[in-house]
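The primary structure of each chain is shown beneath.
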Amino acid sequence: SDQTFRLMDPDTRRMMGVRADITPQIARIATTRLAHAPRPLRLSYEGLCLRIQGGQTAPDRQIAQAGIELIGHDSPAADAEIVLVGVAALAAVGLTRISIDLTLPLLVPTLLEETGITGEARARLARALDRKDAAAVAERGGSLAGTLTDLLLAAGPAEGALAALDAAALTPGARAHAERLAATVAAIRARAPGLKLTIDPVEFRGLRYHTGVCMTFYAPDRRLELGRGGRYICGEAEPATGLTLYPEAILLAAPKGHAKPRVFIPEGTDPAAAAQLRGEGWATVGALEAVSDPQAAARVNRSRFMTNVAVIGAQWGDEGKGKIVDWLASRADIVVRFQGGHNAGHTLVVGNQTYKLSLLPSGLVRGKLGIIGNGLVVDPEALLAEIARVRAQGLNVSPETLRLADNAILILPLHAAIDRAREAARGERKIGTTGRGIGPAYEDKVARRAIRVADLAEPETLSDKLDELLLHHNTLLAGLGAPIFEKQALLDLLLGLAPQILPYAEPVWERLDEARRAGKRILFEGAQAVMLDVDHGTYPYVTSSNTVAATAASGAGIGPSSIGFVLGIAKAYCTRVGSGPFPSELMDETGKLLGERGFEFGTVTGRPRRCGWFDATLVRQAAMVGGIQGLALTKLDVLDGLPELKVCVGYDIDGEMFRRLPAAPGAQAKARPIYETFEGWSGSTRGARSWAELPAQAIKYVRRIEELVETPVTLLSTSPERDDTIMVRDPFDG
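This one's a predicted model, so the numbers in the text were calculated from it and none came from an experiment.

Cut-offs used in this document
- Residues numbered from 1 in each chain as written.
- Predicted model: local features only at pLDDT ≥ 70, side-chain atom pairs only at ≥ 80, totals over all residues.
- Heavy atoms only, no water.
- Core = buried A, V, L, I, M, F, W, Y, C linked by side-chain atoms within 4.5 Å.
- Buried < 20%, exposed > 50% of the residue type's maximum accessible area, 1.4 Å probe, protein only.
- Helix = DSSP H or I, 4+ residues; strand = E, 2+ residues; numbered from the N terminus.
- Salt bridge = Lys/Arg side-chain N within 4 Å of Asp/Glu carboxyl O.
- Contact = heavy atoms within 4.5 Å.
- Expected span 1.5 Å × (residues − 1).
- Arc of directions from axis to C-beta.
- Axes fitted to C-alpha atoms, helices over the stretch in contact; angles between N-to-C directions.
- Parallel < 35°, antiparallel > 145°, perpendicular 65-115°, else oblique.
- Left-handed = near helix turned anticlockwise from the far one by under 90°.
- Nonpolar A, V, L, I, M, F, W, Y, C, P; charged D, E, K, R; others polar.

1. Things to note about the nonpolar core
If you look at the biggest cluster of nonpolar residues, it comprises 108 residues, and the most contacted ones within it are Phe 614 and Tyr 701. Broken down by element, this core gets its largest block of residues, 7 residues, from helix α23 (residues 696-709). Counting 76 residues, the second-largest nonpolar core is a separate cluster that includes Leu 107, Ala 136, Leu 245 and Ala 632.

2. Comments concerning the pattern of salt bridges
Per the stated rule, a full pass over the model turns up 37 salt bridges. The partner of Arg 609 in a salt bridge is Asp 318, and the shortest N-O contact between them spans 3.3 Å. Linking Arg 609 in the loop between α20 (589-597) and β22 (610-612) with Asp 318 in the loop between β10 (309-313) and α12 (321-329), this pair joins segments that are 291 residues apart in sequence. Taking relative accessible area as the criterion, Arg 609 reaches 11% and is therefore assigned buried. By relative accessible area, Asp 318 is classed as partly exposed at 25%. Here Glu 443 and Arg 422 are joined by a salt bridge, their closest N and O atoms 2.6 Å apart. Of the two residues, Glu 443 sits in helix α15 (residues 438-446) while Arg 422 sits in helix α14 (residues 413-426), which places them 21 residues apart along the sequence. Shared partners join several salt bridges into a network, and the residues in it are Arg 131, Asp 133, Glu 676, Lys 700, Arg 704 and Glu 707.

3. Quick notes on the environment of Arg 366
Along the chain, Arg 366 falls in the loop between β13 (353-357) and β14 (369-372). Non-local contacts of Arg 366, meaning those with residues more than four positions away in its chain, are made with Asp 326, Ala 329, Ser 330, Val 350 and Arg 722.

4. Notes on helix α17 (residues 487-501)
Under the 1.5 Å per step criterion, the end-to-end length of α17 is 20 Å for 15 residues, consistent within 8% with the ideal 21 Å. Among all positions in α17, only Leu 490, Leu 491, Leu 494, Leu 497, Ala 498 and Ile 501 are buried. Mapping the buried residues of α17 onto a view down its axis gives an arc of 135°, with all of them on the same face. In α17, those exposed residues whose orientation departs by more than 90 degrees from the buried face are Ala 489 and Pro 499. Those residues of α17 hidden inside the fold are in contact with α13 (380-392), β16 (402-405), α14, α16 (459-479) and β18 (505-506).

5. Focus: unusual backbone geometry
Cis geometry is found at the peptide bond from Arg 39 to Pro 40, where omega equals 0°. Of the consecutive residues Tyr 539 and Pro 540, the connecting peptide bond is found in the cis state with omega at 10°. We note that Lys 132 has phi near 60°; this positive angle belongs to a residue other than glycine. Secondary-structure assignment places Lys 132 in the loop between α4 (119-130) and α5 (134-140). Take Lys 132: its relative accessible area is 13%, and that puts it in the buried class. The backbone of Asp 318 sits at a positive phi, close to 60°, despite the residue not being glycine.

6. Thoughts on the packing of α13 against α17
Running from N to C, α13 and α17 point in directions that differ by 40°, and their axes come no closer than 10 Å. Considering their axes alone, α13 and α17 lie oblique with respect to each other. The two elements α13 and α17 meet at a crossing, and its hand is left-handed. Taking contact as the criterion, the partners of Pro 380, Glu 381, Leu 383 and Leu 384 in α13 are, on α17, Leu 493, Leu 497, Gln 500 and Ile 501. Grouping the constituent residues of the contact of α13 with α17 by class yields 6 nonpolar, 1 polar and 1 charged.

7. Examining the side chain of Asp 133
With respect to the element layout, Asp 133 can be found in the loop between α4 and α5. Under the relative-accessibility criterion, Asp 133 is labelled buried at 4%. In this view, Asp 133 contacts Ala 128, Leu 152 and Lys 700; residues no more than four positions away in its chain are not counted.

8. Regarding the packing of helix α7 (residues 158-167) against helix α8 (residues 172-191)
Relative orientation and spacing of two packed helices are given, respectively, by the angle between their axes and the distance between those axes. Where α7 meets α8, the closest approach of the two axes is 10 Å, and the angle between their N-to-C directions is 150°. With respect to each other, α7 and α8 are oriented roughly antiparallel. You can see that α7 and α8 cross each other, and the crossing is left-handed. Of α8, the residues touching α7 (which contributes Ala 158, Glu 159, Leu 162, Leu 165 and Asp 166) are Arg 175, Ala 178, Leu 181, Ala 182, Val 185 and Arg 189. The class makeup of the residues in the contact of α7 with α8 is 7 nonpolar, no polar and 4 charged.

Okay, here's the thing in structure tokens:
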């Protein structure tokens, strides 16, 4: 169509795009400027949308969109036409393996209304349907229990779902919606008989103005949502159907080497990447002109095409962050470690290689630039040993691929010695430290006597600092009955390490600022987890650094507004290494079984992990203090075959229920879990890459976790393999 809707900046005459919810604006144009145009009216649009969330005075990022609208045609043929135009557009860029999920947002509300189910009963039933909870639907559905349960279980291929709808005892209004859906499928099949169509008969979530069939386009091979749309009323009473496609997702999903004559490359795309795309045959359609006015540029380009992502643990560590970071790193430009030391480890399985990393950023495995930020404490000998080990496995680690903050703190042999000596002196009250010197090194940092990476270039500075360090630490070691250290031996060690370490060193904050200005995607990789945070964790059984997402800013040397989307990682059950409170811990055969199935042994220490049921109260608390916006739920497959599952929903402390873990150690020790019990599933979730492959009870379990922790599940991991992941929402999409 030559009718393209654009939103212009009146000051710069720059096309700013359209907002994410474009339908009301399309309706405004159709009922005013185009009110007398012949019907049916076919419109298209493309551009960058500016996303402004509640309370913001400026956009926080741009979203590329392209869409089509068909206005003034009320028939299944209109819905089918929109679907088929979308299919043709995707085929033009080589995307022929797609699936389309069809839903009827008004079927369930109509059925409930015409049956007389209202008020709280309706709300409770709607929540059960939303969670795909067949047991709760059967319990709360009343006269509709059988019908709704059958429809709930019929979700899947279109023909099977339509047969279930045809056999169901529907009210007249609901029957009309079902017949419209059947007619739409028939119209689509007439022109595209091989198209993969699925239907969820009881899915009722949609935009408030949707009045009929809705469609969502997916690339199943990449687990990406490519676009969505549906039927609505344009203006006062004019029927319409629309579809919005997401060019950024299409760019990711489209096969390489395919001829791409008219594909949108949005402004904000990395220049080198855009040049490569053009070289492969892509064309820039509707790209925006540069803005010369700095104030206008700051107003419009508040952020870039994709956001950054920070990954943190939402329990006590060992949640499977390595796999998730590795999965995300393939699409990042830079991966940054920002806290901790070599007391935390990530295990990455890539093909037939297994990489065990403690200090190195996981992105190195994917050939991405890795940065060790100033928030870490770095054992130089451990770092060099780890570099040598992964080089022997074939990884390219050099000063070109790895940078080290010149203001990062160094761990010396005396730190590990004092760590072990103090832990031994604690006896039964030991914290469970790894004994690698992390805590003492952080102590020296805040006491302003630590040696930093940059000091390796100044022998006189090293000598002076060693005098102060030995005065402090040798006194402690002698008091604990441990051997003391000689200055010359430490000085010789550091001077010998200097030429090996300094080539990696630089002020990394400058590099990160350049990357931010260039619109590069940065992945911040956390270690340990929120409940090991030195402030917010189960103190004193915690690590020695702050592990919440806010630390990514200070620990990398970048502004807090650049952290981006915060993804929290949590297992579908719970584990902990070392001492400290663990309310949902299982000391029985089930706990042993979880440990065996999940291979629960520490990457760094090899110690067996304590295992227990998922603690929703703990993860909810972690999400709130850690700034978590979405969860990646890992190891769901470990729960396969268990007849019964439990989730901790609160604590009983001296007869009082708590929905938080108190800060006081005595109260933590008294906490007894309050459980909610679930029916397990007999089918396998291992290797699942879509919701359709999961047992209904597994979906119910995940949905209930979302409710209890008040945070959506963004990613679902079903095995250690990198691609066995269900993406609900792309974290890089903000």
